[in-house]
Amino acid sequence: MKCCKVLTILSILIIQQSLWAEEDSLFEQFAPLEIHGFYELRGGYRIRKDSYEKDMSIMENRFQLEAFAYNDWADFKYKGDVWGDWVTEQADYDTREAWLFTRPTDFMDVKIGRQILTWGTGELVFLNDLFPKDWQSFFIGRDAEYLKAPSDAAKFSFFTDIVNIDVVYTPQFDSDRYITGEYISYWNSTKQRLAGRDAIIHADKPNRWFRDDEVAVRIYKNVNNYELALYGYKGFWKNPGGETASGISIFPDLNVYGASIRGQLGKGIGNAEAAYYQSKDDENGSNPLVNNSEMRYLLGYSQEIGKDFTAGLQYYIEQMLDYDAYKKSLTSGPAKDQYRHVITLQLTKLLMNQNLELVLSSYYSPSDKDAYLRPNIKYKYTDNLTLEAGANIFFGDYENTFFGQLQNNTNIYTAIRYSF
Amino acid sequence: MKTYILLLALFVSDQFGVVKAEDKVPIADEIVKKANHMSLYQGSDSKGKITMTITDKQGRVRKREFNMLRKDMDDNDHDQKYYAYFLTPADVRKMVFMVHKHTELEKEDDRWLYMPSLDLVKRIASGDKRTSFVGSDFLYEDISGRNINEDTHELTKTTDEYYVLKNVPKKPNTVEFEYYIAYIDKKTFLPMKMEYYKKGARLYRVIKSSKIKLIEAKENDQKVSYPTVVESVARDLESGSTTVMNYSNVQYNIGIENDIFTERYLRRPPRKVMR
């Protein structure tokens, strides 16, 4: 529905502009229309028994179509996916992108419509990037492209000699595509056990246009190729960050303030980022049903360690604020730790004239005593045909930790993709 | 027997070179400087489309296409900025690779990669420059230029057409070759052939400039023409793979703004690089 609105606005704008330019036909104005896309088959299975999910973790055939055109004053892009999904047993459609981009003045860029948005310095760890993610797609082994879910937003960028400023306005809250139980089993805190298709999460999502909105701001500057940035966000927890007394998942108010730096450090690239998550609906931490405020910290370093071989190491901390109030107010279930420590290691090796790519992404939390390994191997058989195999492996001592709850979702998958 | 003669010839030419080098060191360095200028620094900026056709030993063909912008940071053949916008193959289409090249020794280049499907600006750790560029038989260093201060240069021979130079790395453990021989055109100073040798004078890699074109441009309001390599071929004799690189739609001195090489244009490529 939302995408229809965006598309309508887009098409009205396009038609209007083309009517103004009477001398060119609509076709001539958008003559360099580029059409691309891919067709893909992807299948995967759980390698552990999961009583709440199907054995197949992913089974889909997907077609993506992308159209790009530009005229004198703007760029236009559409990208959409249709796929048959054997896990949900239905056909699906998703508009990934539908936007127009224009440079009205020398110092301003505008991008309006459905778009993918990313900023921040983390590798597969996000602190100040509050744009929607799709961890579910990531965990079942879809292409990494799908980790980022689209936003229906307007992005205004201003460029000055002092600083550059990005302002992203999302008129209606876009949550993460969080784990609902449909594809992936999870720890259900109400039931105090693992759950899946038997307890699909139906959250009460803020959805009033222009009232339940989000604003994200980034102020950044490049100083001798050290990239400095300040961030601000006003919106909601992107995952259900709370629940009502009757057990319905909700998205409480959230403000985030943060900063980052990235640049050359020795032989490699170093990055540091911090963010303060201000949980507006539970500022003193006394409400056990709403997430407490948090501090999040990240330090990272990546370097080439051999021929076509790169390693990236990150240390990430989530610190719960007002921890005493949380402990005092907790009525049932195991208490979360005050600090969650996560170490990530990313290894990428290219072989066979860079046609074979081996990637290992790994997360390990010494405090949660859990881990996530994501090995992936990709071979470009030809320029158009890619073969892929990989796994999502979860370990954990406890059923209620971030990765520990996903243990039974451990899966292997394979895919073949033809791009054009 | 053959090897013996070759070795002897090499020995002689080497001795000869050394003797010559002693009196005429500046000449070899002068030639290298000019050749470096001609292959990388003509005009103050340039734009063109690069097509690489990679054919492996089994005859399988892969293609890489990208538009490239380049801008010099000064008139002394030092730092440069590069912007490459990929057109093919499909999995890298619309990706942007940006480099701020630094010629100061020990100073690493700054590199960025933009991945449009994730809207991700990735900072890439600068690494071994002697690795393949986009999977072709050209190395990263063949594209952005090997720093002339990394080798000692020696004029070993002068033929009717070429200055023949032997280049020996100052830090042999940082490269895979022992030395390379460059054939520099006496008229244009363009490198016409480079032969890379491993230990034991074993030739294993050759790059040839197979087509030169005079590209007209304006310099200080005057018409000039820059001789430009528009086709070159790199052969890896060890793997049996060959890459033909074509350079088309070449333009010089088009007034590329410095801003192009910033995050703004990394995320949203300028029109002039998309066409």
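Student: Please clarify how the overall build of chain A should be interpreted in this entry.
Tutor: Of the regular secondary structure elements, chain A holds four helices and 22 strands. C-alpha extents for chain A along the principal axes are approximately 70 × 50 × 50 Å. Going through the 420 residues of chain A one by one, you find that 53% of them count as buried. Within chain A, counting contacts between residues at least 6 apart in sequence, those at least 24 apart form 57% of the total. Side-chain charges of chain A comprise 44 positive and 58 negative groups, with the mean position of each set lying 4 Å from the other.

Student: Would you mind showing me how to read the pairing of strand S13 (residues 241-252) of chain B here?
Tutor: Successive residues of a regular strand alternate their side chains across the two faces of the sheet. Residues and elements named next belong to chain B. Bridging between strand S1 (residues 45-55) and S13 involves nine bridges; their strand directions are antiparallel. What sits directly across from Lys-49, in S13, is Ser-248. Sheet topology note: the strand S12 (residues 222-236)/S13 ladder contains six bridges and is antiparallel. Bridging from a neighbouring strand, Glu-231 pairs with Asn-246 of S13.

Student: Explanation requested: the packing of aromatic side chains in the structure shown.
Tutor: Aromatic rings in a pair are described by how distant their centres are and how their planes are angled relative to each other. Taken as a whole and judged by the stated rule, the model has 38 aromatic pairs over all chains. Ring centres 5.8 Å apart and planes at 90° place the aromatic pair Trp-73 of chain A and Phe-76 of chain A in the edge-to-face group. Seen from their ring centres, Phe-139 of chain A and Phe-394 of chain A are 5.4 Å apart, and the 90° between their planes marks the pair as edge-to-face. With a gap of 255 residues between them, Phe-139 of chain A in helix H3 (residues 135-140) and Phe-394 of chain A in strand S21 (residues 385-396) connect regions that are remote in the sequence. Connected via pairs of aromatic rings, a cluster forms that spans Phe-126, Trp-135, Phe-138, Phe-139, Tyr-363, Tyr-372, Phe-394, Phe-402 and Phe-403 of chain A. The aromatic ring of Tyr-183 of chain A is capped on one face by Arg-142 of chain A, whose charged end is 5.5 Å from the ring centroid. Seen from the ring of Phe-68 of chain A, Lys-94 of chain B lies directly overhead, with NZ or CZ sitting 3.6 Å from the centre.

Student: I keep staring at the pairing of strand S7 (residues 151-158) of chain B and nothing clicks. Help me out?
Tutor: Residue and element names in this part refer to chain B. Direction of pairing for S7 relative to strand S8 (residues 162-169): antiparallel, over a ladder of seven bridges. Paired with Asp-151 across the two strands is Pro-169, which belongs to S8. The hairpin turn running from S7 into S8, its antiparallel successor, is three residues long.

Student: So what exactly am I meant to see when it comes to the interface of chain B and chain A here?
Tutor: By a widely used convention, the size of an interface equals the accessible area lost when the partners come together. Across the contact, 42 residues belong to chain B and 55 residues belong to chain A. Between chain B and chain A, a total of about 4,000 Å² is buried, with carbon and sulfur atoms accounting for 40% of that surface. The largest share of the area that chain B buries against chain A comes from Arg-123, Arg-264 and Arg-268 of chain B, three residues that together contribute 19% of it. Taken together, chain B and chain A are joined by eleven salt bridges. For Glu-66 of chain A, the salt bridge goes to Arg-93 of chain B, with nearest N and O atoms at 3.5 Å. For the side of chain B that touches chain A, the secondary-structure elements that each account for two or more residues are strand S2 (61-72), strand S5 (110-115), strand S6 (120-124), helix H3 (263-267) and helix H4 (271-274) of chain B. The biggest single contributor to the side of chain B that touches chain A is S6 of chain B, with five residues. Across the side of chain B that touches chain A, the residue classes break down as 13 nonpolar, eight polar and 21 charged.

Student: I tried to follow the pattern of salt bridges on my own but got confused; where do I start?
Tutor: Residues and elements named next belong to chain A. Evaluated as defined, the whole model comprises 60 salt bridges over all chains. Notably, a salt bridge pairs Asp-85 with Arg-142, separated by 3.7 Å at the nearest N-O pair. On the criterion of sequence distance, the pair formed by Asp-85 in strand S3 (residues 75-85) and Arg-142 in the loop between H3 and strand S6 (151-159) is long-range, its members being 57 residues apart. Given the relative accessible area of 3%, Asp-85 is considered buried. Close ionic contact of Asp-94 with Arg-114 constitutes a salt bridge, the shortest N to O distance being 3.6 Å.

Student: Looking at this structure, I do not really get the environment of Thr-118 of chain A. What am I missing?
Tutor: Turning to its location among the elements, Thr-118 of chain A is positioned in the loop between strand S5 (108-115) and H3. Taking relative accessible area as the criterion, Thr-118 of chain A reaches 5% and is therefore assigned buried. Separated by ten residues in sequence, Thr-118 of chain A and Asn-128 of chain A have C-alpha atoms that sit 9.5 Å apart. With near-sequence residues (within four places) excluded, Thr-118 of chain A lies in contact with Asp-129, Phe-131 and Lys-148 of chain A together with Leu-118, Asp-119, Leu-120 and Arg-267 of chain B.

Definitions and cut-offs
Residues numbered from 1 in each chain as written. Chains lettered and ligands numbered in written order. Predicted model: local features only at pLDDT ≥ 70, side-chain atom pairs only at ≥ 80, totals over all residues. Heavy atoms only, no water. Helix = DSSP H or I, 4+ residues; strand = E, 2+ residues; numbered from the N terminus. Buried < 20%, exposed > 50% of the residue type's maximum accessible area, 1.4 Å probe, protein only. Contact = heavy atoms within 4.5 Å. Lys, Arg positive; Asp, Glu negative; His and termini not counted. Charge placed at Lys NZ, Arg CZ, Asp CG, Glu CD. Pairing = 2+ DSSP bridges. Phe/Tyr/Trp six-rings, centres within 6.5 Å; stacked < 30°, edge-to-face > 60°. Lys NZ or Arg CZ within 6 Å of the ring centre and 35° of its normal. Buried area = accessible area lost by both parts, 1.4 Å probe. Salt bridge = Lys/Arg side-chain N within 4 Å of Asp/Glu carboxyl O. Nonpolar A, V, L, I, M, F, W, Y, C, P; charged D, E, K, R; others polar.

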